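These are the residues of each chain, in order.
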Amino acid sequence: MELKDTYDIPVPVETVWAALNDTEILAATIPGCQELTRDSDTDLSAKVKLKIGPVSAIFSGNVTLSDLQPPHAYTISGKGSGGVAGGATGLAKVTLSPIDGGAGTRLSYDVSAAVTGKIAQLGSRLIESTSKKLAGQFFAAFAKHFEEQSQE
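Calculation rules
- Residues numbered from 1 in each chain as written.
- Predicted model: local features only at pLDDT ≥ 70, side-chain atom pairs only at ≥ 80, totals over all residues.
- Heavy atoms only, no water.
- Helix = DSSP H or I, 4+ residues; strand = E, 2+ residues; numbered from the N terminus.
- Contact = heavy atoms within 4.5 Å.
- Salt bridge = Lys/Arg side-chain N within 4 Å of Asp/Glu carboxyl O.
- Buried < 20%, exposed > 50% of the residue type's maximum accessible area, 1.4 Å probe, protein only.
- Arc of directions from axis to C-beta.
- Pairing = 2+ DSSP bridges.
- Axes fitted to C-alpha atoms, helices over the stretch in contact; angles between N-to-C directions.
- Phe/Tyr/Trp six-rings, centres within 6.5 Å; stacked < 30°, edge-to-face > 60°.
- Polar contact = N/O pair within 3.5 Å; in protein donor to acceptor, adjacent residues only side chain to side chain.
- Core = buried A, V, L, I, M, F, W, Y, C linked by side-chain atoms within 4.5 Å.

**Student:** Looking at this structure, I do not really get the side chain of Ser131. What am I missing?
**Tutor:** Considering the arrangement of structural elements, one finds Ser131 in helix H3 (residues 124-151). Contacts of Ser131, omitting those with residues within four sequence positions, involve Met1 and Leu3.

See the structure below:
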(Lines give C-alpha, C1' and ligand atoms only; values in the text may rest on other atoms or scores of the structure.)
Protein backbone atom coordinates (compact mmCIF):
# COMPACT_ATOMS: atom_id res chain seq x y z
CA MET A 1 0.00 0.00 0.00
CA GLU A 2 1.23 3.47 -0.90
CA LEU A 3 0.00 6.76 0.59
CA LYS A 4 1.17 10.26 -0.32
CA ASP A 5 -0.14 13.60 0.83
CA THR A 6 0.80 17.10 1.91
CA TYR A 7 -0.42 19.31 4.73
CA ASP A 8 0.14 23.01 5.21
CA ILE A 9 0.76 24.03 8.82
CA PRO A 10 0.77 27.75 9.75
CA VAL A 11 4.01 27.72 11.78
CA PRO A 12 7.71 27.75 10.75
CA VAL A 13 9.58 24.57 9.75
CA GLU A 14 11.66 24.54 12.95
CA THR A 15 8.48 24.51 15.10
CA VAL A 16 6.95 21.62 13.13
CA TRP A 17 10.25 19.70 13.27
CA ALA A 18 10.40 20.09 17.05
CA ALA A 19 6.79 18.88 17.40
CA LEU A 20 7.42 15.86 15.17
CA ASN A 21 10.21 14.88 17.55
CA ASP A 22 8.28 15.53 20.79
CA THR A 23 6.86 12.29 22.21
CA GLU A 24 4.24 14.12 24.30
CA ILE A 25 2.82 15.92 21.27
CA LEU A 26 2.93 12.78 19.15
CA ALA A 27 1.28 10.65 21.84
CA ALA A 28 -1.52 13.20 22.09
CA THR A 29 -2.09 13.38 18.33
CA ILE A 30 -1.61 9.77 17.11
CA PRO A 31 -5.07 8.16 16.94
CA GLY A 32 -5.44 5.42 19.56
CA CYS A 33 -1.97 5.98 21.04
CA GLN A 34 -1.82 4.54 24.55
CA GLU A 35 1.92 4.80 25.07
CA LEU A 36 4.88 6.33 23.25
CA THR A 37 8.38 6.06 24.62
CA ARG A 38 11.67 7.41 23.28
CA ASP A 39 14.23 4.63 23.65
CA SER A 40 17.10 6.61 22.09
CA ASP A 41 17.61 9.65 19.84
CA THR A 42 16.37 7.63 16.85
CA ASP A 43 14.24 4.83 18.34
CA LEU A 44 10.72 4.89 19.77
CA SER A 45 8.34 2.21 20.99
CA ALA A 46 4.57 2.51 21.02
CA LYS A 47 1.27 0.88 21.92
CA VAL A 48 -1.68 1.92 19.78
CA LYS A 49 -5.27 0.66 19.92
CA LEU A 50 -6.84 0.53 16.46
CA LYS A 51 -10.03 -0.73 14.89
CA ILE A 52 -9.83 -1.67 11.23
CA GLY A 53 -13.20 -2.87 10.00
CA PRO A 54 -14.33 -5.60 12.40
CA VAL A 55 -10.81 -6.16 13.76
CA SER A 56 -9.78 -4.30 16.91
CA ALA A 57 -6.40 -4.80 18.54
CA ILE A 58 -3.65 -3.17 20.53
CA PHE A 59 -0.54 -2.96 18.41
CA SER A 60 2.93 -2.86 19.95
CA GLY A 61 5.73 -1.67 17.77
CA ASN A 62 9.05 -0.04 17.29
CA VAL A 63 9.89 2.95 15.13
CA THR A 64 13.31 4.06 13.90
CA LEU A 65 14.16 7.50 12.54
CA SER A 66 16.88 7.59 9.89
CA ASP A 67 18.22 9.81 7.09
CA LEU A 68 17.82 12.75 9.48
CA GLN A 69 18.22 16.15 7.82
CA PRO A 70 17.05 18.51 10.60
CA PRO A 71 14.83 20.46 10.33
CA HIS A 72 13.73 19.39 6.84
CA ALA A 73 13.42 15.61 6.48
CA TYR A 74 13.67 12.15 7.90
CA THR A 75 12.63 8.60 7.19
CA ILE A 76 10.47 6.69 9.66
CA SER A 77 10.50 2.92 9.52
CA GLY A 78 8.45 0.76 11.80
CA LYS A 79 7.16 -2.66 12.61
CA GLY A 80 4.20 -3.53 14.80
CA SER A 81 2.26 -6.54 15.95
CA GLY A 82 -1.33 -6.82 17.05
CA GLY A 83 -1.17 -10.46 18.11
CA VAL A 84 -3.75 -12.62 16.31
CA ALA A 85 -5.03 -9.54 14.44
CA GLY A 86 -1.78 -9.45 12.48
CA GLY A 87 0.99 -6.99 12.02
CA ALA A 88 2.32 -4.22 9.86
CA THR A 89 5.60 -2.89 8.55
CA GLY A 90 6.08 0.47 6.96
CA LEU A 91 8.37 3.20 5.80
CA ALA A 92 7.56 6.91 5.55
CA LYS A 93 9.64 9.68 4.06
CA VAL A 94 8.68 13.00 5.66
CA THR A 95 9.73 16.35 4.20
CA LEU A 96 9.18 19.84 5.62
CA SER A 97 9.38 22.85 3.29
CA PRO A 98 8.91 26.51 4.16
CA ILE A 99 5.89 28.29 2.66
CA ASP A 100 4.45 31.80 3.01
CA GLY A 101 7.91 33.35 3.28
CA GLY A 102 8.89 30.97 6.09
CA ALA A 103 5.81 31.67 8.24
CA GLY A 104 4.33 28.27 7.40
CA THR A 105 5.39 24.71 6.61
CA ARG A 106 4.36 22.25 3.93
CA LEU A 107 4.65 18.74 5.36
CA SER A 108 4.83 16.04 2.68
CA TYR A 109 4.87 12.33 3.30
CA ASP A 110 5.26 9.24 1.17
CA VAL A 111 4.38 5.98 2.91
CA SER A 112 4.70 2.38 1.86
CA ALA A 113 3.27 -0.27 4.17
CA ALA A 114 2.37 -3.93 4.28
CA VAL A 115 0.01 -5.79 6.60
CA THR A 116 -0.26 -9.43 7.61
CA GLY A 117 -2.71 -11.70 9.42
CA LYS A 118 -6.44 -11.03 9.84
CA ILE A 119 -5.95 -7.40 8.89
CA ALA A 120 -4.57 -8.41 5.49
CA GLN A 121 -7.69 -10.53 4.88
CA LEU A 122 -9.93 -7.46 5.17
CA GLY A 123 -9.03 -6.27 1.70
CA SER A 124 -6.85 -3.51 0.39
CA ARG A 125 -9.67 -0.96 -0.06
CA LEU A 126 -10.71 -1.11 3.59
CA ILE A 127 -7.10 -0.99 4.79
CA GLU A 128 -6.27 1.94 2.50
CA SER A 129 -9.39 3.92 3.45
CA THR A 130 -8.74 3.30 7.16
CA SER A 131 -5.10 4.33 6.75
CA LYS A 132 -6.13 7.57 5.01
CA LYS A 133 -8.70 8.24 7.74
CA LEU A 134 -6.12 7.69 10.51
CA ALA A 135 -3.59 9.92 8.73
CA GLY A 136 -6.27 12.60 8.41
CA GLN A 137 -7.11 12.32 12.12
CA PHE A 138 -3.44 12.59 13.06
CA PHE A 139 -2.79 15.68 10.94
CA ALA A 140 -6.01 17.35 12.08
CA ALA A 141 -4.98 16.82 15.72
CA PHE A 142 -1.39 17.85 14.95
CA ALA A 143 -2.52 21.10 13.29
CA LYS A 144 -4.98 21.74 16.15
CA HIS A 145 -2.05 21.51 18.59
CA PHE A 146 -0.50 24.58 16.92
CA GLU A 147 -3.83 26.44 16.89
CA GLU A 148 -4.24 25.82 20.63
CA GLN A 149 -0.65 26.88 21.27
CA SER A 150 -1.12 30.18 19.42
CA GLN A 151 -4.25 30.95 21.48
CA GLU A 152 -2.39 30.55 24.78
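**Student:** Sorry, what's going on with the pattern of salt bridges here?
**Tutor:** Charged atoms that come close allow side chains of opposite charge to pair. The full count for this structure, using the stated rule, is three salt bridges. We note a salt bridge from Asp110 to Lys4, for which the minimum N-O separation is 3.9 Å. In this pair, Asp110 is assigned in strand E7 (residues 104-116) and Lys4 in strand E1 (residues 2-9), connecting sequence segments 106 residues apart. The partly exposed category is assigned to Asp110, whose relative accessible area is 29%. In this structure Lys4 comes out as exposed when scored by relative accessible area, which is 63%.

**Student:** Would you mind showing me how to read helix H1 (residues 13-20) here?
**Tutor:** At 3.6 residues per turn, the α-helix brings residues three or four places apart onto the same side. When we look at burial in H1, the residues that qualify are Val13, Val16, Trp17, Ala19 and Leu20. All buried residues of H1 project into a common sector of 165° when viewed along the axis, lining one side.

**Student:** Teacher, can you tell me more about the sheet that holds strand E6 (residues 87-99) here?
**Tutor:** Strand order in the open sheet formed by seven strands is E1-E7-E6-E5-E4-E3-E2, with antiparallel pairing between adjacent strands. Edge positions in the sheet fall to E1 and strand E2 (33-38), since each of these pairs with one other strand and no more. Averaged over all adjacent pairs, the angle separating strand axes in this sheet is 20°, with direction ignored. In the packing of H1 onto the sheet, contacts are made with E1, strand E4 (55-69), strand E5 (73-81), E6 and E7, and the angle to E6 comes to roughly 160°.

**Student:** It is not clear to me how the packing of aromatic side chains should be interpreted in this structure. Could you clarify?
**Tutor:** Both the distance between ring centres and the angle between the ring planes are used here to describe each pair of aromatic rings. Applying the stated criterion across every chain yields a total of seven aromatic pairs. Between Phe138 and Phe139 the ring centres are 4.9 Å apart and the planes differ by 75°, which places this aromatic pair in the edge-to-face class. Comparing Phe138 with Phe139 shows no difference in burial state: the two are buried. The interplanar angle of 90° and the centroid separation of 5.1 Å between the aromatic rings of Phe142 and Phe146 together place this pair among those described as edge-to-face. With Phe142 and Phe146 both in helix H3, this residue pair falls four residues apart, about one helical turn. What makes Phe142 buried here is its relative accessible area of 0%. On the basis of relative accessibility, which here comes to 4%, the residue Phe146 falls in the buried class.

**Student:** How do you make sense of the side chain of Thr75 when you look at a structure like this?
**Tutor:** Mapped onto the elements, Thr75 comes out in strand E5. Here the side chain of Thr75 touches Asp67 through a polar contact of 3.1 Å, side chain to side chain. When near neighbours in sequence (up to four residues on either side) are disregarded, Thr75 contacts Thr64, Leu65, Ser66, Asp67, Leu91, Ala92 and Lys93.

**Student:** Where do I start with the nonpolar core in this structure?
**Tutor:** For soluble globular proteins, nonpolar side chains are generally found buried alongside one another. In this structure, Val16, Leu20, Leu107, Tyr109 and Phe142 are the most contacted members of the largest nonpolar core, which totals 36 residues. With six residues, H3 is the single largest residue contributor to this core. Excluding residues within four positions of it along the chain, Tyr109 makes contact with Leu3, Lys4, Asp5, Tyr7, Lys93, Val94, Ala135 and Phe139.

**Student:** Please explain unusual backbone geometry as it appears in this structure.
**Tutor:** Glycine aside, the phi torsion of most residues is negative, and most peptide linkages are trans. Cis rather than trans, the peptide bond between Pro70 and Pro71 has omega equal to -5°. Position of Pro71 among the secondary structure elements: in the loop between E4 and E5. At Asp67, a position not held by glycine, the phi torsion is positive, near 50°. Backbone geometry at Asp100 places phi at a positive 55°, although glycine is not the residue there. Turning to its location among the elements, Asp100 is positioned in the loop between E6 and E7. Judged by its relative accessible area of 64%, Asp100 is exposed.

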